[in-house]
Amino acid sequence: QLLQLNSRKINNSIKKWRRTNVFFVYFNYTADIISTVEFNHSGELLATGDKGGRVVIFQQEQENKIQSHSRGEYNVYSTFQSHEPEFDYLKSLEIEEKINKIRWLPQKNAAQFLLSTNDKTIKLWKISERDKRPEGYNLKEEDGRYRDPTTVTTLRVPVFRPMDLMVEASPRRIFANAHTYHINSISINSDYETYLSADDLRINLWHLEITDRSFNIVDIKPANMEELTEVITAAEFHPNSCNTFVYSSSKGTIRLCDMRASALCDRHSKLFEEPEDPSNRSFFSEIISSISDVKFSHSGRYMMTRDYLSVKIWDLNMENRPVETYQVHEYLRSKLCSLYENDCIFDKFECCWNGSDSVVMTGSYNNFFRMFDRNTKRDITLEASRENNKPRTVLKPRKVCASGKRKKDEISVDSLDFNKKILHTAWHPKENIIAVATTNNLYIFQDKVN
Amino acid sequence: MNPCPYFFLLGKGHGGSFRLLSPSVFWSSDLQLRKRGPGGGPHLLCRYSVPGLRLPPSSGLSPAYQGAGRGQGAGRGQGAQRAAVTRRRRKNMAGAAGPATGSGAAGGDGDDSLYPIAVLIDELRNEDVQLRLNSIKKLSTIALALGVERTRTELLPFLTDTIYDEDEVLLALAEQLGNFTGLVGGPDFAHCLLPPLESLATVEETVVRDKAVESLRQISQEHTPVALEAHFVPLVKRLASGDWFTSRTSACGLFSVCYPRASIAVKGEIRQYFRSLCSDDTPMVRRAAASKLGEFAKVLELDSVKSEIVPLFTNLASDEQDSVRLLAVEACVSIAQLLSQDDIEALVMPTLRQAAEDKSWRVRYMVADKFSELQKAVGPKITLNDLIPAFQNLLKDCEAEVRAAAAHKVKELCENLPMEGRETMIMNQILPYIKCPEVRLNIISNLDCVNEVIGIRQLSQSLLPAIVELAEDAKWRVRLAIIEYMPLLAGQLGVEFFDEKLNSLCMAWLVDHVYAIREAATNNLMKLVQKFGTEWAQNTIVPKVLVMANDPNYLHRMTTLFCINALSEACGQEITTKQMLPIVLKMAGDQVANVRFNVAKSLQKIGPILDTNALQEEVKPVLQKLGQDEDMDVKYFAQEAISAVAQRLRKLDFPVKDSEEPSAPGADKNHFLRPRGPGEDTGKAQRDRVARVASKEAAETAQFRGPGTAKGPAYQLHVNTRDTLPQLDTAEIVLFLPKHRLISRI
């Protein structure tokens, strides 16, 4: 019953999304393209990574926690430079500082920890608060002037005094030199002590406390690179079974591996693949079937995959077809040719679950993002833009006219702006608060209560 | 706590070899990146990344030196992050220099005893980690100066709040506090040390937490029973019910120290807390509880063990996470030691049987790894009925890691079997299951130990097919491994048996197509001769080696020379002069230059064994002829040999003591060419050093002299690189290259 109630509320909420905060993050257009968005496990913190290697952390407003209307307020909590551009002298390759992924660690003490990665190097960051500082020296004044040593007749032990809250981000560990190709995913194991990192051809397993060693658990690199037919596009650990992980490929398949069976997981234990519909087959079939993101549901029973045109939900117990398929922007099927020409067809859209696994969300073009209610099968398109909505207004649902006569309020496919895309979205793990990243803006919306 | 014992202690990766990753050269931010030093002492990594600075990993560095290191590091600063760090460091340098110079100037008139302490206290909050660390390490000095009262009321509260510090400082602090009881006023005040240690027991770094727990355990012994219940037990409870799992994991290690001394009522509470930790939500806590289960069981009353620990153990052993289940195997050993045979059978064995057949290879690995402990804990009867069949399964496990772990335990298992019926049991129940090459190799490597348990004859019959099979393995590294066991095998099997079965193998290796194998085979021959004596060598080895001198393949002809180099010393003067020398001299006319200069080198090598006559009349003319060779490398080595021989002749004519021996010409520049006298150290270390010097020199010479003039040293590659396999690969390549191409390459 509780579940039902919950889903009704969310169903309701799908209609009324109110924007609470918009953070404008631009100093430099290219340097601040947001490249990842991630809530921590409690939802109180939201981290974004950008193309300039910076990580910005937002914190949910604390004071007005009782007053529900300001629940969605997030303020900047900490900003730090996670990665710097580097140069690989052996291969004469520039290593971008762009943050590919951020993952929060389960909270282990008062401090917060996150992993951030660029193409090659994963770093573990500690974000901690400090509200006390020591005071009192023997040999100098607090302002640094030295006292005459002869006046020191008694010893003073420094005392901690309260001070303004200071948030520090410090690098704790650097996991480097394990990936030849570009890292696309990191995922923390539910055993709280290991994590995986996946690049185009390999998946490595790390211990969070050991930086000089990692174990290669999957390697799909063929002996002859000319025989290469697929690459790994995403990988994730199961949320509560510590031995299970999945990885998706550019061919549209998802492989589930069991680490109990063997130390090397080159052989999968399950292969999720939907047989191709021969009538839909075209030159672009293979490209659009490539999976850009895979996410387990919080319950661990389902997983969701995003390919270019759709979102699919798989039951882990059924390998031959997804249990649900949602079309994200089917109207683009006729435009694949031009999307191929402007390279948009290779965009990697991510997807996310809501806290109760009843709604899924993913992005699209023209700053649109889509939500699908799994129970009612209703879906909605919303737009994140500064022009259209001021803070605290309700978002209007948008419609794209697929063909034929265009109704009022509808947008024709031809007028969609393909440069405005929403690739990264995140859903608060407990509440109906979502974070949506357009190219260089971060929007946080929450559902309208009452 | 053992971090992830299964995966990260195993050498695991693709192709069975594990990938060791070197630290990045890009590590630019030197702030928090550190690695534990070999002695457990932490040190900053950045020190080693600064070129030209080689600081010992000790902590007693002077501030000035440190500042210099940082300055240099800053010079190479890459990017903003580094620059920011540097700026901070610079400031630190100034801060550090201040009090240091001040102390020199003011030492005279201030309060002499106070001044150093004042500096130490001030440095507790210095911005430089190293200075803070130094200060923390002298915490006892500070406490002594402050007196017990002020230590309790001022110093300890300050330390309790310093948990924001760097890990290495916290680690040192945790360690110091363990020995602080005397400094706070003795056992009556030991509880004052609990607050700082409590906050240290919640930090995120495992090393720091573990050290804090260790210190807490130490301090708990100094509490009176009353104080224990008044202060220590509440602390354990607080930690055990803490919000964050770091505190709960720390609590797991404290139950066993306070339980024995607590009153009955408190004991019940402690057990209750432990039970709840065993079913904690977070796997980290369950793992910590599982790893302390055995220790806790030992201090419990036997009834409680049966009624409480066993169910906990059963639960943990069937945990949904295999990372928890595998730790229960360890607990199994301690629990089994406490119980009677019947109880073991009823309470522990079902779980153990289940673990040995667990779906997860990591759990099975743990069973294999702890096998001999388990065997001892459960006693001979259960071993016979249950463990031996389980062991057979582990030996044929589908996962190589498990098989390897089981194979490691064969020796101990056999030793621990009861004398009666031991042999038949091993022959019938264990050996037939040993199938895969790795396992057999492991057994062969432990052969001398196995031999003590059962007779060699019997064992050799079942192992010989494996040896022959491995000796012809397609992978040269496997062949190499087996060669290295040959002298050991020979020693165990005896001459006759060896001649009959293995001799032909040893000779076949000499013409292997991989250089590393040929080289190892050569060394092997030398060791065999040392074992079996010269007569044996003369009859079996030498003729076969010498026949190869006429081989059409110049590589095989060279192998003859290498064999002679190795064997001459072991065979002695007579054989060398009569049988080997003629062959070597004959080969001086070889049409391949590589063979010719190796003749020169061989002559130099065997020179010390020959008598003056042979040297003067046979060796010298040949060397002189080689000295006129058209090939410059042959000339080079011939000249080297001539000078060595000439020196030897001089020495024989006018004997001098070894210590007064004048250095051979070129000895300074070419260590690697110095003839090795009979009394000289031929140890591996020596060779290593020489090889290193040599290859470095070779590289330098080649560089300075340019391609046309790169002489002998260019060839040192295949002479000196003999210790690591990658080097062997290089050596192989170099040797297989026709000579003129090699020169042009270098």
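Below is a summary of the structure that appears in this document. What you are looking at is a predicted structure, and each value in this text was computed from that prediction instead of being measured.

About the criteria used
- Residues numbered from 1 in each chain as written.
- Chains lettered and ligands numbered in written order.
- Predicted model: local features only at pLDDT ≥ 70, side-chain atom pairs only at ≥ 80, totals over all residues.
- Heavy atoms only, no water.
- Helix = DSSP H or I, 4+ residues; strand = E, 2+ residues; numbered from the N terminus.
- Buried < 20%, exposed > 50% of the residue type's maximum accessible area, 1.4 Å probe, protein only.
- Contact = heavy atoms within 4.5 Å.
- Areas by Shrake-Rupley, 256 points an atom, 1.4 Å probe, with all protein chains shown as cover.
- Expected span 1.5 Å × (residues − 1).
- Bend = angle between axes of the 7 residues up to and from the residue.
- Pairing = 2+ DSSP bridges.
- Axes fitted to C-alpha atoms, helices over the stretch in contact; angles between N-to-C directions.
- Polar contact = N/O pair within 3.5 Å; in protein donor to acceptor, adjacent residues only side chain to side chain.
- Salt bridge = Lys/Arg side-chain N within 4 Å of Asp/Glu carboxyl O.

Looking only at helices and strands, chain A features three helices and 32 strands. Within chain A, buried positions represent 59% of all 450 residues. Here the analysis covers contacts within chain A between residues at least 6 apart in sequence; of these, 54% occur between residues at least 24 apart.

Scanning chain B from N- to C-terminus turns up 41 helices and two strands. The buried share among the 746 residues of chain B stands at 55%. With the model as given, the accessible surface of chain B reaches about 32,000 Å², and the carbon-plus-sulfur share is 54%.

Attention shifts here to helix α17 (residues 322-338) of chain B. All names here are of chain B. Here α17 spans 25 Å end to end across 17 residues, near enough to the 24 Å set by a 1.5 Å rise per residue. Along α17, the sharpest change in direction is near 30 degrees and occurs at alanine 331. Among the 17 residues of α17, 14 are classified as buried, and the element is accordingly described as predominantly covered.

Residues and elements named next belong to chain A. Taken together, the four strands give an open sheet; going across it, the order is β2-β3-β4-β5, and neighbouring strands pair in antiparallel fashion. With one partner strand each, in any of the chains shown, β2 (34-39) and β5 (74-81) form the two edges of the open sheet. Here the average twist between neighbouring strands, direction ignored, is 20 degrees. Bridging between β2 and strand β3 (residues 45-50) involves five bridges; their strand directions are antiparallel. By the bridge assignment for β3, phenylalanine 39 is matched with leucine 46.

Residue and element names in this part refer to chain A. For strand β26 (residues 368-373), a buried count of six out of six residues is recorded, marking the element as mostly surrounded by other parts of the structure. Bridge analysis of strand β25 (residues 359-363) against β26 gives five bridges, and the strand direction is antiparallel. The residue of β26 that forms the bridge with glycine 363 is phenylalanine 369. The sheet contact formed by β26 and strand β27 (residues 379-383) spans five bridges and is antiparallel. In the sheet register, phenylalanine 372 faces β27, and the bridge partner there is aspartate 379. Where β26 folds back on β27, the antiparallel hairpin that results is connected by five residues, among which lysine 377 adopts a positive phi of roughly 60 degrees.

Residue and element names in this part refer to chain A. If you trace the four strands from one edge of the open sheet to the other, you get β16-β17-β18-β19, paired in antiparallel fashion. Edge positions in the open sheet fall to β16 (232-237) and β19 (270-272), since each of these has one partner strand only. In this sheet, adjacent strand axes meet at a mean angle of 20 degrees when their direction is disregarded. Pairing of β16 with strand β17 (residues 244-249), which is carried by five bridges, proceeds in the antiparallel orientation. Bridging from a neighbouring strand, glutamate 236 pairs with valine 246 of β17.

Bringing the environment of A:Asn138 into the picture now. Position of A:Asn138 relative to the elements: it lies in the loop between β10 (122-135) and β11 (159-175). Taking C-alpha positions, A:Asn138 is 8.6 Å from A:Pro158, a pair spaced 20 residues apart along the chain. With sequence-adjacent residues up to four places away left out, A:Asn138 is seen in contact with A:Arg147, A:Val152, A:Thr154, A:Leu155, A:Arg156, B:Ala118, B:Ile121 and B:Asp122. A polar side-chain atom of A:Asn138 sits 3.5 Å from the main-chain carbonyl oxygen of B:Ala118.

Glancing now at the pattern of salt bridges. Here the structure, examined in full by the defined rule, presents 50 salt bridges over all chains. For A:Glu193, the salt bridge is made with B:Arg287, and the minimal N-O distance between the two is 3.5 Å. You can see A:Glu193 sitting in the loop between β12 (185-188) and β13 (194-198) and its partner B:Arg287 sitting in helix α15 (residues 283-299), one on each of two chains. Among the residues examined, A:Glu193 registers a relative accessible area of 6% and is labelled buried. A:Asp315 serves as the salt-bridge partner of A:Arg301, at 2.7 Å between the closest nitrogen and oxygen. Of this pair, A:Arg301 sits in the loop between β20 (293-296) and β21 (302-306) while A:Asp315 sits in strand β22 (residues 310-315), and the two are 14 residues apart along the sequence. Because the salt bridges share partners, they merge into one network encompassing A:Lys126, A:Arg172, A:Arg173, B:Asp167, B:Glu204 and B:Glu205.

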